[in-house]
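# Chains, contacts and geometry: an overview
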Amino acid sequence: MKRLAIFDLDGTLLDTIADLAAATNHALSQFGYPTHTTDEYRFFVGNGINKLFERALPEGEKSQQNVLKIRGSFIPYYNMHNADLSRPYLGIEALLGTLQQNGMQLAVASNKYQEATTKLIRQYFPSVRFTAVFGQREGVPSKPDPQVINEIIRLANVKKEETVYAGDSCVDMQTGKNAGVTTIGVSWGFRPRAELEAYSPDLIADRCEDILRFLQQE
Ligand SMILES: O=C(O)COP(=O)(O)O
């Protein structure tokens, strides 16, 4: 039986792509760089914001210095606008509510920087009691390193076999596998279903109900 469900944030619990795209485009335009469509951003997001900026900058401009310049413009803008267009995916609040009622511990493991992760979780899921809400933190390697998953398992005081991790990208599928936990790919996120299939996760969920049904059987 599973006792702990850990979720990725961007593309899994929340559709944040439009706000991420708008804030990155804002920063790129400030320095005269070309912008991108929202759909292009689906493939830039997933490894934290520095990697997002490196991918969004034009060829020949991807230096660490430019990444930090974009970061300096992105953060204050995104901190103001990270909930303008972002929304939970269909059925997510009900899924979290049902799992919580069933006694499952819940947690978040995101590559989004910690401040924005905490803010969005508080704002969109005020009645969910999470065991841990972890974004990208100084000194902790980002996903697909399994350290964050292992830390949450310790905090929850459960076994690996009692843990499931759900996410929407190849980074998440690798994270779940690296941590040695049951892994669910959700197909409603930023990446195509085929990207998840390539990792043969324990389940590919097309709707929130698929996760509930799977956990009832486990
Ligand atoms: O900010 C990112 O790059 C991705 O965040 P996520 O881990 O919640 O998908």
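As named in an unreviewed UniProt entry, the protein is phosphoglycolate phosphatase, taken from Bacteroides gallinaceum. UniProt's Sequence similarities (unreviewed entry) comment on the protein is quoted here verbatim: "Belongs to the HAD-like hydrolase superfamily. CbbY/CbbZ/Gph/YieH family." Per UniProt, the comment on the protein under Catalytic activity (unreviewed entry) is "2-phosphoglycolate + H2O = glycolate + phosphate".

## A short note on the sheet that holds strand 5 (residues 130–136)
Spatially, the six strands line up as an open sheet ordered 5-4-1-6-7-8, and their pairing is parallel. With partners counted over all chains shown, the strands left at the sheet margins are strand 5 and strand 8 (203–205), one partner each. Neighbour to neighbour, the strand axes of the sheet diverge by 20 degrees on average, direction disregarded. Relative to strand 7 (residues 182–186), strand 6 (residues 163–167) is paired through four bridges, and the arrangement is parallel. Opposite Val-164, over in strand 7, you have Thr-182 as the bridge partner. Seen against the sheet, helix 8 (residues 170–179) touches strand 6 and strand 7 and runs at an angle of roughly 165 degrees to strand 6.

## Remarks on the confidence of the model for the protein
The predicted model of the protein has a mean per-residue pLDDT of 98, with 100% of residues at 70 or higher. Both confidence scores are given for the complex: pTM 0.97, ipTM 0.94.

## Brief notes about the domain arrangement of the protein
Annotation of the protein at the domain level lists domain 1 (4–15 + 86–217) and domain 2 (17–81). The C-alpha-based centres of domain 1 and domain 2 are spaced at 24 Å. Every contact between the two is made by 12 residues of domain 1 and, on the other side, 10 residues of domain 2. Residue composition of the side of domain 1 that touches domain 2, grouped by class: four nonpolar, five polar and three charged.

## As for the site of the ligand
Taken together, 14 residues lie around the ligand, and Leu-9, Asp-10, Ser-110, Asn-111 and Lys-112 are the ones closest in. Of the residues in the shell around the ligand, the class split is four nonpolar, six polar and four charged. A domain split of the shell around the ligand shows at least three residues from each of domain 1 (4–15 + 86–217) and domain 2 (17–81).

Rules used in this analysis
- Residues numbered from 1 in each chain as written.
- Predicted model: local features only at pLDDT ≥ 70, side-chain atom pairs only at ≥ 80, totals over all residues.
- UniProt positions renumbered as here; feature names shortened; annotations may be inferred.
- Pairing = 2+ DSSP bridges.
- Helix = DSSP H or I, 4+ residues; strand = E, 2+ residues; numbered from the N terminus.
- Axes fitted to C-alpha atoms, helices over the stretch in contact; angles between N-to-C directions.
- Contact = placed C-beta atoms within 7 Å.
- pLDDT = per-residue confidence, 0-100.
- Domains from an automatic or database assignment.
- Nonpolar A, V, L, I, M, F, W, Y, C, P; charged D, E, K, R; others polar.
- Near = placed C-beta within 6 Å.

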